[in-house]
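Coordinate analysis (summary)
Spelled out, the chains give:
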Amino acid sequence: MQMALFAYFGGAVVLSALFVVYFRNPIYSAMSLLAMFMHIAGLYVILEAEFLAGVQLLVYAGAILVLYLFVVMLLNVQSRGRFLQRQTPLVAVIGIFAAVDVIALLLHTRFYPELPAIPHPGVPTLGNSETIGMVLYTQYLFPFEIASLVLLIALVGAIVLAKGKLKYR
Amino acid sequence: MLNDLASAVIVIVAVLFVLLTTVAYLTYLERKVLGFMQDRLGPMEVGPWGLLQPLADGIKLISKEDIIPSDADKAIFRIAPVISLVPAIISFAVIPFGRDSFHFLGITTHPYITDINIGILYVLALSSVGAYGILLGGWASNSKYSLLGALRSAAQVISYELNAGMSVIGVLILAGSLSLVKIEAAQSGGFWHWYIFPQIVAFVIYLISGIAETNRTPFDLPEAESELVAGFFTEYSGMRFSLYYLAEYANMIMVSSIATILFLGGWNSPFAFLDFVPPFVWFMLKVYFFLFFFFWIRATLPRLRYDQLMKFGWKVMLPLSFANVIVTAIVVYMVRH
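Notes on the structure follow. (Residues numbered from 1 in each chain as written. Chains lettered and ligands numbered in written order. Predicted model: local features only at pLDDT ≥ 70, side-chain atom pairs only at ≥ 80, totals over all residues. Heavy atoms only, no water.)

1. A few points about the overall build of chain B
The line we're drawing: Only DSSP runs of H or I covering at least 4 residues are called helices, and only runs of E covering at least 2 are called strands; the numbering of each starts at the N terminus. Three labels apply to residues, based on accessible area from a 1.4 Å probe with only protein chains included: buried if under 20% of the type maximum, exposed if over 50%, partly exposed otherwise in between. In this tally Asp and Glu are treated as negative and Lys and Arg as positive; neither His nor the chain ends contributes. A charge is said to be at NZ when it belongs to Lys, at CZ for Arg, at CG for Asp and at CD for Glu.
Scanning chain B for helices and strands turns up eleven helices and two strands. When its helices and strands are written in sequence order, chain B yields α-α-α-β-β-α-α-α-α-α-α-α-α. Reported as C-alpha extents along the three principal axes, the dimensions of chain B are approximately 65 × 55 × 45 Å. Residues counted as buried form 54% of the 337 residues belonging to chain B. One finds the centroid of the 20 positive side-chain charges in chain B at a distance of 4 Å from the centroid of its 22 negative side-chain charges.

2. Comments concerning the pattern of salt bridges
Residues and elements named next belong to chain B. The condition that has to hold: Only one rule defines a salt bridge in this text: a Lys or Arg side-chain nitrogen within 4 Å of an Asp or Glu carboxyl oxygen.
Counting across every chain of the model gives two salt bridges over all chains. Measuring nitrogen to oxygen at the nearest pair gives 2.7 Å for the salt bridge that ties Arg298 to Glu30. Separated by 268 residues along the polypeptide, Arg298 in helix H10 (residues 279–300) and Glu30 in helix H1 (residues 2–37) bring together distant segments of the chain. By relative accessible area, Arg298 is classed as partly exposed at 36%. A residue is classified by how much of its surface remains accessible, and Glu30, at 2% relative accessible area, is buried. Taking the shortest distance from any N to any O, the salt bridge between Arg31 and Asp57 comes out at 3.4 Å. Taken together, the residues span a long stretch of sequence, with Arg31 in helix H1 and Asp57 in helix H2 (residues 53–63) at a distance of 26 residues. On the accessibility criterion, Arg31 (37% relative accessible area) is partly exposed. Asp57 gets classed as partly exposed once you look at its relative accessible area, which sits at 21%.

3. Considering the interface of chain B and chain A
Basically, it comes down to this: What makes two residues a contact is simply this: any of their non-hydrogen atoms within 4.5 Å. Summed over both partners, the accessible area lost on bringing two parts together, with a 1.4 Å probe, is the buried area. Under the rule applied, a polar contact is a pair of N or O atoms within 3.5 Å (in protein, one hydrogen donor and one hydrogen acceptor; residues adjacent in sequence only if both atoms are side-chain atoms).
Opposite the 22 residues of chain B that make contact, chain A presents 26 residues. Taken together, both faces of the contact between chain B and chain A bury some 2,000 Å²; the carbon and sulfur share is 80%. Across the contact surface, chain B and chain A share zero salt bridges. Seen at the junction of chain B and chain A, the total is two residue pairs in polar contact (both at pLDDT 80 or more).

Right, dumping it as structure tokens:
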């Protein structure tokens, strides 16, 4: 059952990720991305990481992708409706490097013999969300704070860029 | 196993039946309430006191021609109303309607479809997915009014979703759980245990954000009829139009249910001597109070201007909800240690 679910979600993730690249219409690409985010959330649920699944939907599907769509719609990017588009040679070179990377990674990593159905033995019997909270604010406090600091800098940078133009116009 | 399956099917059918009937009759109720508030009668012709009006409306909408504009993006135009409605309906899977499990044909069932441990997060995540229906429908129509409505809606939903999510955190700190069943249970024993009192700020913020998220007056800028014809569903007709309508009403019920569960104690009765009233009835009464509130607001307040809406959301509500989270966290820490 779990293997079948994993096959479905994994396959759908790969397929929708391909569609993101192949669709010429940027709105269709964004929609494929939405499908991909949802199926990744499904993968998290199989791994019993419900909190992560919820946050994945809330943050990526609910906020980030809506902003992408917003921009795409406002910019009114021209689309010619064809499915497969011809890429520049540069993309082919980058693609080959990426493919080699992925294959090398796959060769060096052992596949999971089976999906971890039961929670990890190290994880206490608390609920999913409590565990993440405990770990995030004790063991991983420093990386967490670094990440929020980086986000803050990005935030300030965005405001400076937007406001700076307004002032001197 | 078979028993579990049967009980799940029974609850799902019951929830869907109650939900869709409520949605249909909310349209009637809204017209009646608005009518009475404007000193008129509302629908009176179809059936006694117009009670069969939703049925007549349904038949009308189903039998209407489904017009798709020739320049529309047909695939997305077709699927957008469905994207809007489905998340609105499936988010009811985690809403607990009562306390006691009940028996039906010898099978015991819970008063909720499922009690997942991220209940409130699930609801918030789905409500954010519902925004795609509006955004895509407006874009696919290939009409400037629709696109303007869709863009307004996207900006509005993102801004106010943040406030709704932040206002919920205070309650989560007090209840110590994301599960809606546990949040309700934590508020049992008299109305003074309800979270509306310690979380009055969050309650007001949630209610305002809820009205904004469902695109209701005074936040109905995505469909402002005096400037945008009908906003994002200008080009929709027949059943697809009514799918958007159903989604809006289902979202209203959702916001009312969440407000009931988080702040008014869900199925808990206000006084111990009123415990003989079934928990289900208390839940419904509170939900209907909020639904009435929606109509009341619509009859009372004029529409906001767009910049007012954005300023209010980001500069008033967001700092307030952050302050609420911080104050709640500090007080809870001080009390418990």
